[in-house]
Amino acid sequence: MEHPGTNEERLHHHIARLFLYGTWLGSILIAAGLLLNAIAPVYSINIPLLTGDNLTKLGIAVFILMPITRVLLMLGNFLRQRDPVYAVISAIVLITILVSTFIR
Amino acid sequence: MEAFLLFSAAFGASLLGGMLGMAGGIFIVPILTLLFDINIHTAIGISLVSVIACSCSGAITFLKNHLTNIRLAIVLETASTLGALTGVFLIGIVSTAFLYGLFAFILLLSAKQMLVPRQEIKAEENSAANSWATSLKLHASYPDQASGKTIPYHVGHVPFGLVLMYGAGLISALLGIGSGVLKIPAMDAALRLPIKVSSATSNFMIGVTATASASAYFMRGDIDIMAAGPVALGSVIGALAGARLLIWFPSEKLRIIFVIILVALACQMFFTATGIDLFNRS
């Protein structure tokens, strides 16, 4: 029975950090977008593209991208560790997600 | 105003789920369709975003406690994402009545699982040297907080687990849920994981499985941004608050409340599927 060792634990730590920062970023963007929309009748910012809708959309995109980024992180890790089996497995998951995203 | 109501509904659902250590995601679609009168396809897109948000924020604690078997997760995700891809294909084909009916079934299944306590079935210690789990080096260990020891465990039938994960991915894409209701029993029974590892690994996988279909919805412009935003925010905050309140509330009473709500929602979803209109809503 293999013990994962500190490399695996480091990977856990990196992924946990990715999720922590990503969750904060996504949440703040969504909250900012909702706030902008709420105050729009009274006060509006005159910067093109900086609308409540766009900020909220960006926040949602951050959440959707987080798991994809997590798979990329794992792929990078397995490549660095020269673990071809798991690198291929990670690549398969990534490709499946991409196909699902862009299929019409 | 509607944004605030959506936020509150998602917050409440995730709070309740969080107090029981599970996602409130299963409530989101029924709440959106039944209370907010949102079209089921739109509701599914919104729910998927909420599920991803909860999975990612919940995973942080599991990962820090080294409970998640990430290798097993990525192996199983080959099947669950394929299932999600199949679901994305089927979205335009299956009828809404079918979706409502399937949802009612899943709600009842969740209710049943809430009532039956989880049983830990250990995989055989001397599992075959040429088993998938052994070849892929999936057997691992986890730190047990209570005893302070690291407890090793073996992983059971991976091929069967893959088949179940394919199904879970398919249901996740079709209904906009995390499919924890399917993944957790699969991990407990087929893969024979310790309960904490199974919860952690299932939660970890839910995000990737949901993203496979959520990204399709997003690219097609099928996610109602102004509804998904408050729902996602409410879900994250509710789940975090629920996890903190976990220790203060007796889980037995909460379980009963959960089961009652699940059965009530299942009935209403079933009525919607079959066109029965008990309250004469037009």
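What counts, and where the lines are drawn
- Residues numbered from 1 in each chain as written.
- Chains lettered and ligands numbered in written order.
- Predicted model: local features only at pLDDT ≥ 70, side-chain atom pairs only at ≥ 80, totals over all residues.
- Heavy atoms only, no water.
- Axes fitted to C-alpha atoms, helices over the stretch in contact; angles between N-to-C directions.
- Helix = DSSP H or I, 4+ residues; strand = E, 2+ residues; numbered from the N terminus.
- Parallel < 35°, antiparallel > 145°, perpendicular 65-115°, else oblique.
- Left-handed = near helix turned anticlockwise from the far one by under 90°.
- Contact = heavy atoms within 4.5 Å.
- Nonpolar A, V, L, I, M, F, W, Y, C, P; charged D, E, K, R; others polar.
- Phe/Tyr/Trp six-rings, centres within 6.5 Å; stacked < 30°, edge-to-face > 60°.
- Buried < 20%, exposed > 50% of the residue type's maximum accessible area, 1.4 Å probe, protein only.
- Lys NZ or Arg CZ within 6 Å of the ring centre and 35° of its normal.
- Buried area = accessible area lost by both parts, 1.4 Å probe.
- Salt bridge = Lys/Arg side-chain N within 4 Å of Asp/Glu carboxyl O.
- Polar contact = N/O pair within 3.5 Å; in protein donor to acceptor, adjacent residues only side chain to side chain.
- Expected span 1.5 Å × (residues − 1).
- Bend = angle between axes of the 7 residues up to and from the residue.

Concerning the packing of helix α2 (residues 25–35) of chain B against helix α5 (residues 96–115) of chain B
All names here are of chain B.
Thinking step 1. Look at α2 against α5: their axes get within 11 Å of each other, and the N-to-C directions meet at 135 degrees. As the angle between them shows, α2 and α5 are arranged oblique. Pair α2 / α5 crosses with left-handed handedness. Along its contact with α2, which presents I26, V29, P30 and T33, the element α5 presents Y100, F103, I106, L107 and S110.
Thinking step 2. Each residue belonging to the contact of α2 with α5 can be placed in one class, and the counts come to seven nonpolar, two polar and no charged.

Considering the packing of aromatic side chains
Thinking step 1. Enumeration according to the criterion identifies six aromatic pairs over all chains in this entry.
Thinking step 2. Here F78 of chain A and Y86 of chain A contribute two aromatic rings whose centre-to-centre distance is 5.2 Å and whose plane-to-plane angle is 40 degrees, an arrangement assigned as tilted.
Thinking step 3. Look at Y86 of chain A and you get buried, because its relative accessible area is 2%.
Thinking step 4. Between Y142 of chain B and Y153 of chain B, the aromatic rings sit 6.2 Å apart at their centres with planes inclined by 50 degrees, giving tilted as the arrangement. Taken as a pair, Y142 of chain B in strand β1 (residues 140–143) and Y153 of chain B in strand β2 (residues 150–153) lie far apart in primary sequence, eleven residues in all.
Thinking step 5. With relative accessibility at 10%, the residue Y142 of chain B sits in the buried group.
Thinking step 6. Residue classification places Y153 of chain B among the buried positions, given a relative accessible area of 6%.
Thinking step 7. Positioned over the ring face of Y86 of chain A is R71 of chain B, at 4.5 Å from the centre of the ring.

Some points on the interface of chain A and chain B
Thinking step 1. Counting residues at the interface gives 47 residues for chain A and 52 residues for chain B.
Thinking step 2. For the pair chain A and chain B, the two sides together bury roughly 4,300 Å², of which 77% comes from carbon and sulfur.
Thinking step 3. One salt bridge connects R71 of chain B with D83 of chain A, and the closest N-O pair in it is separated by 3.4 Å.
Thinking step 4. Run the count over chain A and chain B and you get ten residue pairs in polar contact (both at pLDDT 80 or more).
Thinking step 5. Elements that contribute at least two residues to the side of chain A that touches chain B include exactly α1 (5–39), α2 (52–80) and α3 (84–102) of chain A.
Thinking step 6. Residue composition of the side of chain A that touches chain B, by class: 29 nonpolar, ten polar and eight charged.

A look at the environment of M114 of chain B
Thinking step 1. Summarising the element assignment, M114 of chain B is placed in helix α5.
Thinking step 2. Taking the C-alpha atoms as reference points, M114 of chain B and A10 of chain B, 104 residues apart in sequence, are found 20 Å from one another.

Section: helix α9 (residues 195–219) of chain B
Residue and element names in this part refer to chain B.
Thinking step 1. Under the 1.5 Å per step criterion, the end-to-end length of α9 is 36 Å for 25 residues, consistent within 8% with the ideal 36 Å.
Thinking step 2. Where α9 bends most, at T211, the angle is about 30 degrees.
Thinking step 3. Just downstream of α9 lies G221, where phi reads positive at about 70 degrees.

Digging into the side chain of S172 of chain B
Thinking step 1. Position of S172 of chain B among the secondary structure elements: in helix α7 (residues 158–175).
Thinking step 2. If near-sequence neighbours (up to four positions away) are discounted, S172 of chain B is found in contact with L48, I177, S179, T209 and A210 of chain B.

Take it as geometry only, folks, not as evidence of what the structure does.
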